[in-house]
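Structural description and commentary
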Amino acid sequence: MARLAATQQRQLVGQALAGASVDASGELVIKASAAQHVTERMVELGQRVEVATPLLKLARLDELLVDVQLAPELARQLAQGREVWVRQGDGQEVKGQVVSVGARVNEGNQGVTVRAAFKQVAGTTLRPGQWVSVRMQLGGRAHSVPEAALVSLPSGGEGVFLE
């Protein structure tokens, strides 16, 4: 009876977690739908979790996204496809392009979110969650913000002070 109950329990877990299975030793096996890297484990080993609780954060490292907060008047000068460059520390600069310009102003910092996508280039050290410098062309003038100029805002996120 105990063996039957354990088998039924494994089947229920497998059904509840699409793409997951329980092996013969009772270990939960989770497989990603594509080649990805684990960037964060959101639960601890042995922790009881509720239905739909995220377990892991996964990321594709071949393409990275960078969100930049810009003043609305600057964000209006950008469009999808515009070239953007990013660099981490003294590393190699990587070229990407704007994939979206937010339509709403963020309440916390009065900025508009601009998202840019970058293909990973061999020899670069870009990884999710890093502080980076971003350079973009706005209305004929180049603006570059070094990593050291970024400050953490009390409301969360980062900002840059301009004179």
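Just so it is clear, the model here is predicted, and its values are computed rather than measured.

Looking now at the overall build of the chain. Counting its secondary structure elements, the chain contains two helices and twelve strands. Ordered by position in the sequence, the α and β elements of the chain form the string α-β-β-β-β-β-α-β-β-β-β-β-β-β. Per-residue burial over the chain gives 18% buried out of 163 residues. Put simply, the chain shows about 11,900 Å² of open surface, and 52% of that area lies on carbon and sulfur atoms.

Attention now moves to the nonpolar core. If you look at the biggest cluster of nonpolar residues, it comprises 21 residues, and the most contacted ones within it are Val66, Leu70, Val84, Val86, Phe118, Val134 and Met136. Within the residue set of this core, elements represented by two or more residues are strand 5 (63-70), strand 6 (83-87), strand 7 (94-101), strand 8 (112-119) and strand 9 (133-138). For Phe118, the residues in contact, after removing those within four places along its chain, are Asp62, Glu63, Leu64, Val66, Val84, Trp85, Val86, Val94, Lys95 and Gly96.

It is worth spelling out the confidence of the model for the chain at this point. Here the chain shows a mean pLDDT of 80. Residues at 70 or above account for 89%. Of all the helices and strands in the chain, strand 10 (residues 141-145) carries the lowest mean pLDDT, 63, while strand 7 carries the highest, 91.

For the rest of this paragraph, the subject is the pattern of salt bridges. Enumeration over the complete set of coordinates arrives at six salt bridges. Note that Glu40 and Lys57 form a salt bridge whose closest N and O atoms lie 3.5 Å from each other. Remark: Lys57 occurs in strand 4 (residues 56-59) and Glu40 occurs in strand 3 (residues 37-41); sequence separation between them is 17 residues. Of the residues examined, Glu40 reaches a relative accessible area of 37% and is grouped as partly exposed.

A few words now on the environment of Leu70. Looking at the secondary structure, you find Leu70 in strand 5. Taking the relative accessible area as the measure of exposure, Leu70 reaches 12% and is therefore buried. Along the chain, Leu70 and Gly159 lie 89 residues apart, while their C-alpha atoms are 9.2 Å from each other. Not counting residues within four places of it along the chain, the set of residues in contact with Leu70 comprises Ala75, Leu78, Gly111, Val112, Val114 and Met136.

Next up on the list: the packing of aromatic side chains. Evaluation of the coordinates by the stated rule reveals zero aromatic pairs. Here the guanidinium or amino end of Arg135 rests over the ring plane of Trp85, the centre of that ring lying 4.2 Å away.

As a further point, take a nonpolar patch on the surface. Nonpolar side chains collect at one region of the surface, where Val38, Leu56 and Leu58 lie side by side and expose about 250 Å² of accessible area between them. Along the polypeptide, Leu56 turns up in strand 4.

We now examine the pairing of strand 5. Residues Leu64, Val66, Val68 and Leu70 point to one face of strand 5 and are all buried, whereas Glu63, Leu65, Asp67 and Gln69, pointing to the other face, are not buried. Relative to strand 8, strand 5 runs antiparallel, the two being bridged by eight bridges. In the strand pairing of strand 8, Glu63 is matched with Lys119.

Next up on the list: unusual backbone geometry. Its identity is not glycine, yet Gln110 carries a phi of approximately 60°, on the positive side. Examined against the element boundaries, Gln110 turns out to sit in the loop between strand 7 and strand 8. Residue classification places Gln110 among the exposed positions, given a relative accessible area of 51%.

Cut-offs used in this document
Residues numbered from 1 in each chain as written. Predicted model: local features only at pLDDT ≥ 70, side-chain atom pairs only at ≥ 80, totals over all residues. Heavy atoms only, no water. Helix = DSSP H or I, 4+ residues; strand = E, 2+ residues; numbered from the N terminus. Buried < 20%, exposed > 50% of the residue type's maximum accessible area, 1.4 Å probe, protein only. Areas by Shrake-Rupley, 256 points an atom, 1.4 Å probe, with all protein chains shown as cover. Core = buried A, V, L, I, M, F, W, Y, C linked by side-chain atoms within 4.5 Å. Contact = heavy atoms within 4.5 Å. pLDDT = per-residue confidence, 0-100. Salt bridge = Lys/Arg side-chain N within 4 Å of Asp/Glu carboxyl O. Phe/Tyr/Trp six-rings, centres within 6.5 Å; stacked < 30°, edge-to-face > 60°. Lys NZ or Arg CZ within 6 Å of the ring centre and 35° of its normal. Patch = residues over 30% accessible without salt bridge, like charges linked within 9 Å, V, L, I, M, F, W, Y side chains within 5 Å. Pairing = 2+ DSSP bridges.

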